[in-house]
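# Architecture at a glance
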Number of protein chains: 2
Amino acid sequence: MAEQSVWFELAQPLHAQAVLDFFQQVTQETDYLLDDEEIANYSLEQMRDNLARRQDLFNHCCILALLDDEVIGLVNLAGHDHPQLDHVVDVFIAVKKAYWGQGLGTALLDNAIDWAIQADGICRLELSVQARNSSAIALYQKMGFESEGLKRGAVKTKEGDYIDLSLMARWV
Amino acid sequence: MAEQSVWFELAQPLHAQAVLDFFQQVTQETDYLLDDEEIANYSLEQMRDNLARRQDLFNHCCILALLDDEVIGLVNLAGHDHPQLDHVVDVFIAVKKAYWGQGLGTALLDNAIDWAIQADGICRLELSVQARNSSAIALYQKMGFESEGLKRGAVKTKEGDYIDLSLMARWV
């Protein structure tokens, strides 16, 4: 990867097709992702609406790692809308397999944490990660996330095995 | 409370107004509830639709404690719809303040656990509870729920203080 040609940009409706292409690819590449299959099946119109809507919300953002016009990584911050929970933001991150192990996850999370610090009213970033995904857990720890719990058997693999989910959070 | 006149029934669309009245009252009575303010503001039509829709889902149910036509307590089981998460059901329980401390929470949870055991495909009941709500935590422990983690500052009180959320789960 020619690092100098990767740039980071807030997702906008004009990225809808590239984001869809990204989700359709990454959901095929790994069993570690959960929340994205529904998104991968969005129509182009639904994805445009989704990206437009979150531009208006103070505790939502989606940051893309772009290589030319291709989305090669993405971090999504999704805040709660209940006033007693709106300081809490769920973090979702994914990187195309061809770009694993090249620091892209670190760079995406760095951007996301900076964005959350600048945003007014966000205090807590949280995420869940499959307990078997040790490289992701190591990344989150490096970026200041601490383990807060372990949900036993909270996810089924496609083969029907029950696996644990680790909960992690970071105050900003 | 004349215990012999309380009965438990699966919520149906015909209970919509009584369920709305219940939520409007309990959200005023305690700061321990989070997820219900939106529901308390449903229209009658929205509540009817909501109760009708969940009758068709294998991993959803709402059990009412009724005294005459009044809902005095409620347990709601809400399953995930993602196929890798649909064995997991979120538990929400509330009881009118006038009936606290009379065993109604235990009876509602007993009914809910029995329902989940009978239902095909539900493995895991989970819930979150404010860490300061020690009587609720004692009830969940008595009913077989174990602590799985503590989310620091995950809820704001109406006064703006950050408080911890305890995560608990029980396998069925």
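Throughout what follows, the structure given in this document is the object of discussion. Bear in mind the structure is a predicted one, so any value in this text is a computation, not a measurement.

The number of helices and strands found in chain A is 5 helices and 7 strands. Ordering the α and β elements of chain A from the N terminus gives β-α-α-α-β-β-β-α-β-α-β-β. For a compact globule of 172 residues, the expected C-alpha radius of gyration is about 16 Å, and chain A comes in at 16 Å, within 12% of that figure. Overall, the C-alpha framework of chain A stretches about 40 × 40 × 30 Å when taken along its three principal axes. Burial analysis of chain A (172 residues in total) assigns 51% to the buried set. Excluding contacts between residues fewer than 6 apart, the proportion of contacts in chain A whose partners are at least 24 apart in sequence is 63%. For chain A, the exposed surface amounts to about 8,200 Å²; the carbon and sulfur share of it is 47%. Of the charged side chains in chain A, 13 are positive and 27 negative, and the gap between their average positions amounts to 6 Å.

Turning our attention to the pairing of strand β6 (residues 146-156) of chain B. All names here are of chain B. Pairing analysis gives 7 bridges linking β6 to strand β7 (residues 162-171), with the strands arranged antiparallel. Residue Lys156 lies in a different strand from β7, and its bridge partner there is Tyr162. Connecting the antiparallel pair β6 and β7 is a turn made up of 5 residues, with Gly160 showing a positive phi of about 95°.

A word on the interface of chain A and chain B. Where the parts come together, the accessible area they lose is often given as the size of the interface. In this complex, chain A contributes 29 residues to the contact, which on the side of chain B involves 29 residues. Overall, the association of chain A and chain B removes approximately 2,500 Å² of surface from exposure, summing both partners, and the carbon and sulfur fraction of that is 45%. At the junction of chain A with chain B, the criterion picks out 7 salt bridges. Its salt-bridge partner being Asp86(A), residue Lys156(B) comes within 2.9 Å of it at the nearest N-O pair. Between chain A and chain B we count 14 residue pairs in polar contact (both at pLDDT 80 or more) in total. Looking at the side of chain A that touches chain B, the elements that each hand over two or more residues are β5 (124-130), β6 (146-156) and β7 (162-171) of chain A. A total of 10 residues in the side of chain A that touches chain B trace back to one element, the largest contributor, which is β6(A). Classifying every residue of the side of chain A that touches chain B by side-chain character gives 13 nonpolar, 6 polar and 10 charged.

Criteria and cut-off values
Residues numbered from 1 in each chain as written. Chains lettered and ligands numbered in written order. Predicted model: local features only at pLDDT ≥ 70, side-chain atom pairs only at ≥ 80, totals over all residues. Heavy atoms only, no water. Helix = DSSP H or I, 4+ residues; strand = E, 2+ residues; numbered from the N terminus. Rg over C-alpha atoms; globule rule 2.2 N^0.38 Å. Buried < 20%, exposed > 50% of the residue type's maximum accessible area, 1.4 Å probe, protein only. Contact = heavy atoms within 4.5 Å. Areas by Shrake-Rupley, 256 points an atom, 1.4 Å probe, with all protein chains shown as cover. Lys, Arg positive; Asp, Glu negative; His and termini not counted. Charge placed at Lys NZ, Arg CZ, Asp CG, Glu CD. Pairing = 2+ DSSP bridges. Buried area = accessible area lost by both parts, 1.4 Å probe. Salt bridge = Lys/Arg side-chain N within 4 Å of Asp/Glu carboxyl O. Polar contact = N/O pair within 3.5 Å; in protein donor to acceptor, adjacent residues only side chain to side chain. Nonpolar A, V, L, I, M, F, W, Y, C, P; charged D, E, K, R; others polar.

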